[in-house]
Amino acid sequence: MRYLPKSPADRAAMLQEMGAASIDDLFDSVPAEFRLTRDLNVPRQHSEHEVIEAFKVFASQNATGYASFLGAGAYRHYRPVLIDTVVSRGEFLTSYTPYQPEIAQGTLQALFEFQTMICELTGMDLANASMYDGSTGAAEAVMMAVRVTGRNGAVIARTVHPEYREVLATYAQHQGIPQTEVGYTADGRVDYAALDAAITSDTACVLIQSPNFFGTIEDVAKIAEIAHAKGALLIVSIAEAISLGIVKPPKEADIVSMEAQSFGVPVGYGGPYCGVIAAKEKFLRQMPGRLCGQTVDQNGDRGFVLTLSTREQHIRREKATSNICTNQSLVALMVTVFLTVYGKGLQELAEQNLAKAHFTAQSLEKSGAKLLFAGAPRFNEFVITTPKSADATNTALLEEKIIGGLPLSKWYPELGENASLWCATELTTRKDIDVAATALAKA
């Protein structure tokens, strides 16, 4: 809200109208010991030069020169400079929800192209114009399946990102959606027998992740067959979007929930990210969020509009499919620019990720680590166990300016304290890998 200064005369007139002799009279209800009677202890005003110098000092305190092997849902990928050039333009950076198509054609066209590219990548018929992130997208997809099927329960694979499952549990407890978790086998994939046994006549959907939290690629077709045989929908969650450059799209799924952060969105201290839901056309009316459509104007020229926007702020609350109201179109625009820049080169980018992860895993094995779940295909993440605990190993690696893998014992105690999840992307260099392998051998 803009600050509107008041003159002493304005304040006196306002106090007189309220019947108060002074501003202090307005705080009579606050005990004296809780009132501040001195000036605030804040620094003096600073010049622009001094502010810039202060921020340089703050920036110098950041850790630099570290090689990172963290993934687990937030991935370091190269961001073409064109992304910031486009999203920094005023018509995009300051825009709000494009309610008026006649003045928002640029934003609407970008969102339409975003939806189109997401459909091409996932093999689905339609996609919405961004959710909050991958975790809320997965939860929204489960609620969507409940509405579509009229059933109530959800079967969740334990290989779905643990934090996604936590968000889903928060949603489900207030929606009255019972959940059943199914485990995984020695190859890191969903336990098919347990999955089949867990699906009942009240199961609305099965939620899996592929590549899953261990980096292993699930057999989507087989899981779809199991789910559909019992009348349940299949939801596939994708946390690492770059995988779609080389991994077969999950066309057998009914709904795809994806975190598109890898497509040009900076890691940025945890967000904002870009969640997506894509689905078969027959589920159009139950899609949450907003959808942009293509039409023609009165002159027959192509134009873009918000076709569906099934949110509580637009329609009756009880008819809303989602309570998400925030406009994520700027982040979706980052994704659109990224995919436009890479085009078919996305396959080569995915191949680099695949190759570097494979080489990293081999190098760490030679340094004393043991690779888990080696029997199934994987993308750019993998799980290893080390001779010492994951925490102790990471502490030793930090001395060599290496940020190691994510310890897994918090979410998967059965894997032990020595298990950790490692990731390699196109930004991981041969030097980084060699230094990590050498440091691991010393540790």
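Up top is the structure these notes are about.
Structural notes, computed from the coordinates.

Here is what the cut-offs are and how they apply
Residues numbered from 1 in each chain as written. Predicted model: local features only at pLDDT ≥ 70, side-chain atom pairs only at ≥ 80, totals over all residues. Heavy atoms only, no water. Helix = DSSP H or I, 4+ residues; strand = E, 2+ residues; numbered from the N terminus. Pairing = 2+ DSSP bridges. Contact = heavy atoms within 4.5 Å. Axes fitted to C-alpha atoms, helices over the stretch in contact; angles between N-to-C directions. Patch = residues over 30% accessible without salt bridge, like charges linked within 9 Å, V, L, I, M, F, W, Y side chains within 5 Å. Areas by Shrake-Rupley, 256 points an atom, 1.4 Å probe, with all protein chains shown as cover. Salt bridge = Lys/Arg side-chain N within 4 Å of Asp/Glu carboxyl O. Buried < 20%, exposed > 50% of the residue type's maximum accessible area, 1.4 Å probe, protein only. Core = buried A, V, L, I, M, F, W, Y, C linked by side-chain atoms within 4.5 Å.

What follows deals with unusual backbone geometry. Here Ser-210 and Pro-211 are connected by a cis peptide whose omega angle stands at -10 degrees. Take Pro-211: it is sitting in the loop between β5 (203-209) and α9 (220-229). Along the chain, Gly-271 connects to Pro-272 via a cis peptide bond; the corresponding omega equals 0 degrees. Within the secondary structure, Pro-272 is located in the loop between β7 (255-259) and β8 (275-279). Located in the positive-phi region is Tyr-269, a residue other than glycine, with phi close to 55 degrees. Among the structural elements, Tyr-269 can be located in the loop between β7 and β8.

With that settled, consider the sheet that holds strand β11 (residues 370-371). Sheet strands pair via backbone hydrogen bonds, and the direction of the pair is either parallel or antiparallel. Read from one edge of the open sheet, 4 strands run β11-β12-β15-β14, paired in antiparallel fashion. Two strands in the sheet have a free side with no partner beyond their single neighbour: β11 and β14 (406-407). Seen against the sheet, helix α11 (residues 346-366) touches β11, β12 (381-385) and β15 (419-423) and runs at an angle of roughly 10 degrees to β12.

Further remarks concern a nonpolar patch on the surface. There is a patch of nonpolar side chains on the surface, built from Met-14, Met-18, Ile-23, Leu-26 and Phe-27 and spanning about 490 Å² of accessible area. Along the polypeptide, Met-18 turns up in helix α1 (residues 8-18).

Here we take up the pattern of salt bridges. Scanning the entire structure with this criterion turns up 10 salt bridges. Put simply, Lys-230 and Asp-196 hold a salt bridge, and the shortest N to O gap is 3.6 Å. Highlighted residues: Lys-230 in the loop between α9 and β6 (233-238) and Asp-196 in helix α8 (residues 192-198), separated in sequence by 34 residues. Note on Lys-230: relative accessible area 29%, which makes it partly exposed. The partly exposed category is assigned to Asp-196, whose relative accessible area is 34%. Connected through shared salt-bridge partners, Arg-158, Arg-165, Glu-181 and Glu-414 make up one network.

It is worth spelling out the nonpolar core at this point. Formed by 94 residues in total, the largest nonpolar core has its most connected members in Leu-195, Val-206, Ile-208, Leu-234, Ile-255 and Phe-263. Those residues within four positions of Val-206 in sequence are excluded, and the remaining contacts are Val-155, Leu-195, Ile-199, Ile-223, Ala-227, Leu-233, Leu-234 and Ile-235. With 18 residues, the next largest nonpolar core counts Ala-369, Leu-371, Trp-422 and Leu-440 among its residues.

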